[in-house]
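# Close look at the chain arrangement
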6 protein chains.
Amino acid sequence: MHPASEALNSNQHPGAGLPYYRPVAQECAVFEHAFAKKLPLLLKGPTGSGKSRFVEHMAAKMGLPLITVSCHDETSAVDLLGRYLVQGSETVWMDGPMTRAVRTGSIFYIDEIAEARPDTIVALHSLTDHRRTLFVDRHDEVLSAGPNFMLIASFNPGYQKGWKELKASTRQRFVSIAFNYPSPQVETEIVVAESGVDEAQAKKLILVGNKVRNLVELGLAETVSTRLIVNAACLIRDGLPPRLSCDVALVQPLTDDLETAAALRDLVALIF
Amino acid sequence: MHPASEALNSNQHPGAGLPYYRPVAQECAVFEHAFAKKLPLLLKGPTGSGKSRFVEHMAAKMGLPLITVSCHDETSAVDLLGRYLVQGSETVWMDGPMTRAVRTGSIFYIDEIAEARPDTIVALHSLTDHRRTLFVDRHDEVLSAGPNFMLIASFNPGYQKGWKELKASTRQRFVSIAFNYPSPQVETEIVVAESGVDEAQAKKLILVGNKVRNLVELGLAETVSTRLIVNAACLIRDGLPPRLSCDVALVQPLTDDLETAAALRDLVALIF
Amino acid sequence: MHPASEALNSNQHPGAGLPYYRPVAQECAVFEHAFAKKLPLLLKGPTGSGKSRFVEHMAAKMGLPLITVSCHDETSAVDLLGRYLVQGSETVWMDGPMTRAVRTGSIFYIDEIAEARPDTIVALHSLTDHRRTLFVDRHDEVLSAGPNFMLIASFNPGYQKGWKELKASTRQRFVSIAFNYPSPQVETEIVVAESGVDEAQAKKLILVGNKVRNLVELGLAETVSTRLIVNAACLIRDGLPPRLSCDVALVQPLTDDLETAAALRDLVALIF
Amino acid sequence: MHPASEALNSNQHPGAGLPYYRPVAQECAVFEHAFAKKLPLLLKGPTGSGKSRFVEHMAAKMGLPLITVSCHDETSAVDLLGRYLVQGSETVWMDGPMTRAVRTGSIFYIDEIAEARPDTIVALHSLTDHRRTLFVDRHDEVLSAGPNFMLIASFNPGYQKGWKELKASTRQRFVSIAFNYPSPQVETEIVVAESGVDEAQAKKLILVGNKVRNLVELGLAETVSTRLIVNAACLIRDGLPPRLSCDVALVQPLTDDLETAAALRDLVALIF
Amino acid sequence: MHPASEALNSNQHPGAGLPYYRPVAQECAVFEHAFAKKLPLLLKGPTGSGKSRFVEHMAAKMGLPLITVSCHDETSAVDLLGRYLVQGSETVWMDGPMTRAVRTGSIFYIDEIAEARPDTIVALHSLTDHRRTLFVDRHDEVLSAGPNFMLIASFNPGYQKGWKELKASTRQRFVSIAFNYPSPQVETEIVVAESGVDEAQAKKLILVGNKVRNLVELGLAETVSTRLIVNAACLIRDGLPPRLSCDVALVQPLTDDLETAAALRDLVALIF
Amino acid sequence: MHPASEALNSNQHPGAGLPYYRPVAQECAVFEHAFAKKLPLLLKGPTGSGKSRFVEHMAAKMGLPLITVSCHDETSAVDLLGRYLVQGSETVWMDGPMTRAVRTGSIFYIDEIAEARPDTIVALHSLTDHRRTLFVDRHDEVLSAGPNFMLIASFNPGYQKGWKELKASTRQRFVSIAFNYPSPQVETEIVVAESGVDEAQAKKLILVGNKVRNLVELGLAETVSTRLIVNAACLIRDGLPPRLSCDVALVQPLTDDLETAAALRDLVALIF
């Protein structure tokens, strides 16, 4: 029926184990208890701190299909609920991803929920309280969520300062977990696993990363994520010189300012 | 005809008694007299103070179907009144929820009315005065509301400071009840009933809640609702450690600020 | 043909006399002379000062059908003039209320005209001067208004301060009447007639109303309308205690501020 | 074919002479020379200063059909040029008023041109220079204006202060005439002719009008137009007392401010 | 196929010579070299400085068809590229003017390019560099411009101060020519040729024009274009008195301010 | 199937070598390693610094088809992913360029990505991480990118100051290369190759260019790109006098200010 959504999860991780995820604190226990008590979950944290990986990992671990939507300024309730399409002389209803998730008993992950248009957020209110019900008004349908349906949302508090806040009436519907960058030891483990560089190289890169993370005086909009360090490690592993790898994978993605870039390159040159 | 709306009420509370609601003051009497005199009702109060539960409870108690709409920035009159849909080579009229409520003699509950687009609010004016009439212009229809139809709206005064006020010409059409958080005794009763924790645990959680509610110097956008306390109680009851339960169910939903979160966790640690 | 519009007037006042309206000054004479000279009429005044009732009363008194439109931010000329609807494989023209009013020789009442989109206001210009003609461009039709057609608009000067003014080129097309709250004596008569309370109760309520109206230092957006007093009287007549009736029907509709509400309740307690 | 547009002119002035217009200066000569040299005309002036009447008068005097469009914030080129309409299974082109005017060799009058959307104004550029050509792109048609086609626009400089100016590239395409209120003698003649009051009454009303026009310290958005004086005269002629007539026809249309209205009523009372 | 576009050029200048244009500097040479090197051309200059005439003249001189589009705030890429139209039960593609120009090897002139919506400008980028290719995505077509296709745009720097600039990434794609008002001698030649007045009258009018052009202290949005002088000359030639001609053709189009207009009329009175 | 996209690349470079591109630093190596590690690439730099040429060059060098999209304010996800078109009585899906690129294993180049609407950027997130998957929700399709698919974006940091930034969550997904103007020696080589002028002329033009680039006190929005120098060289090569060529190809495209233009012309006159 909807091969797309199931395919997503099974295609990515054929046969073998779970998608790689290195737990940082007690996030797995919170996930499982929230699932048991049918409470929705909100993941808060900066870019590249592993929120999406965590969801993929837990969905696979629990053997449940996962359906993901990335929100933006124009994501509306219709995009999540579904719409009528004209096909020849007929009008056909097409479930949106949230409707599909309720219907099939899936984990439904809404990435960057605070970006979406307000009707989107209101549309999921009835799924987040004791009703656990989805009103698909345009299709004149009311769906009760089964025991396997779980709603997870993410948002990045760093973006929402002052203007694009989640309203309290939405936030208070979710159990919330704060994500942050991992400890050096955990991060080393991740970088080695994902890029194939040796531990010494990984540690050098993480040293660069942490030095930049501490340079608050640079006024960077956001700082070095684990993702950036993995990218640099991949290029080094593929044979690109370390300094050049750091420049294109770490420095240039962080800033367009010539002097800031020069300062960051100097910092790299101290270590490599 | 419209199984959805009736299903909503009957499905949720099969067989047995009313949906759980613990009255706080004389709201039930006001509801009944307003119903008797055919006056519309406006429920004012913060997130999670029980407005929606109260409406569900009264509808079930009076044995009337309940139809609910949650408003957002783009809710328009068309969403409430109905629209034409193209189906194959025919155009079919589909009642919106307000039209359905008038036609079937139901309680019609408009959640967060101040969020809706202005045409929505104007569309219900003729239902709120001596006319008790709905003009469905696009369907060339005029509906008189029967004796069982009642219009209820809610809004959160905390959100509307300065910019999204209900106009006086709308407000003065409603009898209004102000909701607030219940007394500790009533709240204990609610938390025990909803989560299954014992009274001692419930009291500790409510102590946390009330301490936070008094910390006005934290500048929280909104404070601990009964809902948050129930969520924390559910996780504790399911075996998650109390401090961790309070962190993910009480603290993280209230703030993204690291220092505020730490202060709230300290407060939790004094009690658990 | 258009049973809706005629039904509106006749349904509301079956058999017996005119809809209840208590004249305050010479508004009835002005209405009749404006009708005789085919001049359009603009009613100016605050919420609940009786503008709409006055129009219903005069229409019934003169035995003319009345068609009413309440304007909002998105009311457009199309809404008043009419539109094409697709029905099956045909496109059918459907008169809007203004076109219907001209065609049938009715009183056409545009409530809160300043709220409408500018094309709405321009669309009626040709009906308000010596031409008395309606251009229904999309239907390629030009309608001359017969002698019974009369255009009446209302607006609330209190809302339009500074930003949503009627342009002078529109205002100068209308003969205008200013409405305000009635004298205590007239108001008593109205409250008794509408709610069924005795004169003593009515006088007490009006005393409350006038005390609040004089409390300009409260900074209320709008003050106690006759409608509010009638609502409180209805609840008292139905058996709700007077202080509670005043709280939910008078105080809560006027303010969300806790201190202002307390001050108003104190004022009520002095009288009841 | 298009009976609407021709009907407009002939219906309004059946049989007898020209529509009433009292020339104030040399506007008739300028009109005729602009017509002869095929130059478009722009009429500038305040509300009710006779611009529209002048155009009606000249069109009738020259025996040419007149097509009028009143612009507003949402008037677009499509409204003037024409559009496709779906009728059953066919799409039919329908000329807009400007296209019809070019096709039929009519006077085309665009009232309040500065209000229209910018595409409207650009669409008529090619008609205002040596090309005298209309590009109806959507209908894949190019129309040359015949010798009888003339383009006339009006705008009210008082409205356009600072924000809704006509661009110089548009203005410099037109020969322009400034309109203003007539001299007392001419205005008396107009008021008598239009309302049927005697000269003495007319002079009193014009005295009121001119006193108000000189009260610049009142800060009125716009002042007494001849139209307002004619309205008051009509009501007086119909038997409404003069002071009440002045109140509803002169004072209330000019201001909503209670003190300003009182001052204006005092002024009326000095004369009547 | 597209008789409209070709007709445009040939209709306007049947038989005889080129459309009248009096070169001011080396603009003709620049045009020809830009054409030879397939570089697009941008004409910069104020209202009525002859940009459009120059393009018509050069197109006719080189014997190439000319297709013109005047941009406004809502001109979009679709308007230039083309769209699908529903005709009966079929959907038919209709080339826009830019697509037609590329297909037929014409000069394509975009008047006031900075007014258009940004997608318009991006849509022509690929035509302005070494690719000389037009991507008509919606019609799934890629068109290579032949040797006769040339892209010309105009813009008025006086309008764009601060808010509606052409982006550098667009401007640097064009060879640019700055237009300004001609020298008195050249302007006399133009006024005589276009209006038929004698040289003495033309010189007087140009004297007026140049005096106004030097009155920078008047703060006029834009000053006297050659077009205005020609208009005044035409009215004089047709018999309208010179001072009145100057008032309606020169003064009133430049200003709505009563004092500025009086000052300009005084200036006219010194010369005529 | 989609001849357009393949045609684009093969048409432009038939038979012979690569499209002309002169490497400036190690950008080719970074491109190849990013391709090998399946990392997306972001090219940052000013107008005319060779970003687009670089992409064309690398695509041809690697023998891969190239599909390009230029973004603007209204580019949306639908434009990249595809849409349904009504054709007669059927609705046909039409791949957008990004879907086509994934399906055919092409290089996909998004020019000026920061201009696009936010849904565009979110739509490509899943292609830029370990998933390398495109969700074409409206066509109910999930596409995995093959090994040849590569995503490249460009943006101009000079435009985005303060208001149209790429969000960190997007930027950190890309390996980034900063482009700038080439050294005089490299630029000479380019100008000679592209225009056919001799080295001496090229050097003079580059001297002009570099003098302007150093005149930061002029406050130019953007400075002389290599493209401008090549344009001037082409006109000189075609016989237009050098000073005039510099005026129309270098000076006028940079500024509309008369004094700045005069200063730049003086600078040109010192060298030519």
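Above: the structure in question.
Here we summarise the structure given alongside this text. Keep in mind that this is a model prediction, so the values were computed, not measured. (Residues numbered from 1 in each chain as written. Chains lettered and ligands numbered in written order. Predicted model: local features only at pLDDT ≥ 70, side-chain atom pairs only at ≥ 80, totals over all residues. Heavy atoms only, no water.)

Next up on the list: the sheet that holds strand 5 (residues 107-111) of chain D. All names here are of chain D. The 5 strands lie next to each other as 2-5-8-1-9, forming an open sheet whose pairing is parallel. Strand pairing shows two members of the sheet lacking a second neighbour, strand 2 (66-70) and strand 9 (175-178), which therefore form its edges. On average, adjacent strands in this sheet sit at an angle of 20° to one another, irrespective of strand direction. Pairing geometry for strand 1 (residues 41-44) and strand 8 (residues 150-155), over 4 bridges, is parallel. (Pairing = 2+ DSSP bridges. Helix = DSSP H or I, 4+ residues; strand = E, 2+ residues; numbered from the N terminus. Axes fitted to C-alpha atoms, helices over the stretch in contact; angles between N-to-C directions.)

All right, on to unusual backbone geometry then. Backbone geometry places Arg132 of chain A, a non-glycine residue, at a positive phi of 40°. With respect to the helices, strands and loops of the structure, Arg132 of chain A is situated in the loop between helix 7 (125-128) and strand 6 (133-136). Residue Arg132 of chain A is classed as buried on the basis of its relative accessible area of 12%. Residue Lys38 of chain D is not a glycine yet carries a positive backbone phi of 55°. Under the relative-accessibility criterion, Lys38 of chain D is labelled partly exposed at 37%. (Buried < 20%, exposed > 50% of the residue type's maximum accessible area, 1.4 Å probe, protein only.)

In this section: the interface of chain A and chain B. Across the contact, 39 residues belong to chain A and 43 residues belong to chain B. Together chain A and chain B conceal approximately 3500 Å² of surface at their shared face, both sides included; 54% is due to carbon and sulfur atoms. For the chain A face of the interface with chain B, the top three residues by lost area are His33, Lys37 and Gln172 of chain A, together amounting to 19%. Run the count over chain A and chain B and you get 2 salt bridges. At the boundary of chain A with chain B, the tally comes to 11 residue pairs in polar contact (both at pLDDT 80 or more). Only helix 2 (27-36), strand 4 (90-95), helix 6 (118-123), strand 6, helix 8 (168-171) and strand 9 (175-178) of chain A provide two or more residues apiece to the side of chain A that touches chain B. Ranked by residue count, the leading element in the side of chain A that touches chain B is helix 2 of chain A, at 5 residues. Of the residues assigned to the side of chain A that touches chain B, the class counts are 16 nonpolar, 9 polar and 14 charged. (Contact = heavy atoms within 4.5 Å. Buried area = accessible area lost by both parts, 1.4 Å probe. Salt bridge = Lys/Arg side-chain N within 4 Å of Asp/Glu carboxyl O. Polar contact = N/O pair within 3.5 Å; in protein donor to acceptor, adjacent residues only side chain to side chain. Nonpolar A, V, L, I, M, F, W, Y, C, P; charged D, E, K, R; others polar.)

Bringing the relation of the copies chain A and chain B into the picture now. Least-squares fitting of chain A to chain B yields an RMSD of 0.0 Å, with the superposition described by an axial translation of 0.0 Å and a rotation of 60°. The superposition of one copy onto the other is thereby described by a six-fold rotation axis. Take the interface residues of chain A: only 3% of them recur as interface residues in chain B, which is what a contact between different surfaces looks like. (Least-squares fit on C-alpha atoms with pLDDT ≥ 70 in both.)

With that settled, the discussion passes to the sheet that holds strand 8 (residues 150-155) of chain A. All names here are of chain A. Read across the open sheet, the 5 strands follow the order 2-5-8-1-9; overall the sheet is parallel. Edge positions in the sheet fall to strand 2 (66-70) and strand 9, since each has one partner strand and no second. In this sheet, neighbouring strand axes are inclined to one another by 20° on average, regardless of whether the strands run parallel or antiparallel. Where strand 1 (residues 41-44) and strand 9 come together, 4 bridges link them in parallel fashion.

On to the interface of chain F and chain A, then. Taken together, the contacts link 39 residues of chain F with 43 residues of chain A. Taken over both partners, the interface formed by chain F and chain A buries close to 3500 Å², and the fraction arising from carbon and sulfur atoms is 54%. Looking only at chain F, the three residues that lose the most surface to chain A are His33, Lys37 and Gln172 of chain F, adding up to 19% of its buried area. Counting the contacts that link chain F with chain A gives 2 salt bridges. A salt bridge links Lys44 of chain F to Asp256 of chain A; its shortest N-O distance comes to 2.8 Å. At the boundary of chain F with chain A, the tally comes to 11 residue pairs in polar contact (both at pLDDT 80 or more). For the side of chain F that touches chain A, the elements supplying multiple residues, two or more each, are helix 2 (27-36), strand 4 (90-95), helix 6 (118-123), strand 6 (133-136), helix 7 (168-171) and strand 9 (175-178) of chain F.

Once chain F is rotated about the relating axis by 60° and shifted along it by 0.2 Å, it coincides with chain A to within an RMSD of 0.0 Å. Both copies present different contact surfaces, since only 3% of the interface residues of chain F are interface residues in chain A too.

Moving on, we come to the state of the cysteines. Counted by the stated rule, this structure contains 0 disulfides over all chains. Here Cys234 of chain A stays free of any disulfide, with the sulfur of Cys246 of chain A as its closest cysteine sulfur at 13 Å. (Disulfide = S-S within 2.5 Å.)

Below, the discussion takes up the packing of helix 8 (residues 184-195) of chain C against helix 10 (residues 226-237) of chain C. Think of two packed helices as two axes; the pair is described by the angle between the axes and how far apart they sit. Residues and elements named next belong to chain C. Between helix 8 and helix 10, the least distance of the axes is 9 Å, while the angle of their chain directions is 45°. By the angle between their directions, the pair helix 8 and helix 10 is classed as oblique. Two packed elements cross with a definite hand, and for helix 8 against helix 10 that hand is right-handed. Along its contact with helix 8, which presents Glu187, Ile190, Val191, Glu194 and Ser195, the element helix 10 presents Thr226, Ile229, Val230, Ala233, Cys234 and Arg237. Class assignment for the residues of the contact of helix 8 with helix 10 results in 6 nonpolar, 2 polar and 3 charged. (Parallel < 35°, antiparallel > 145°, perpendicular 65-115°, else oblique. Left-handed = near helix turned anticlockwise from the far one by under 90°.)

Our next topic: the environment of Val122 of chain B. Positionally, Val122 of chain B belongs in helix 6 (residues 118-123). Val122 of chain B sits in the buried class, given a relative accessible area of 16%. Each C-alpha atom, one on Val122 of chain B and one on Pro182 of chain B, is 34 Å from the other, the two residues being 60 residues apart in sequence. Other than its neighbours up to four places away in sequence, Val122 of chain B contacts Ser70, Cys71 and His72 of chain C.

So, about the pattern of salt bridges. Residues and elements named next belong to chain A. In the structure shown here, the tally under the stated rule is 78 salt bridges over all chains. As a salt-bridge pair, Asp129 and Arg173 come within 3.4 Å of each other at their nearest N and O atoms. Residue Asp129 is located in the loop between helix 7 and strand 6, and its partner Arg173 is located in the loop between helix 8 and strand 9; the two are separated by 44 residues in the primary sequence. Residue classification places Asp129 among the buried residues on the basis of a relative accessible area of 13%.

Residues and elements named next belong to chain E. Tracing the backbone shows Asp111 in strand 5 (residues 107-111). Engagement of the side chain of Asp111 in a polar contact is seen with the side chain of Ser154, the distance being 2.6 Å. Contacts of Asp111, omitting those with residues within four sequence positions, involve Ser52, Val69, Ser70, Cys71 and Ser154.

No statement about biological role is implied by the geometric values presented.
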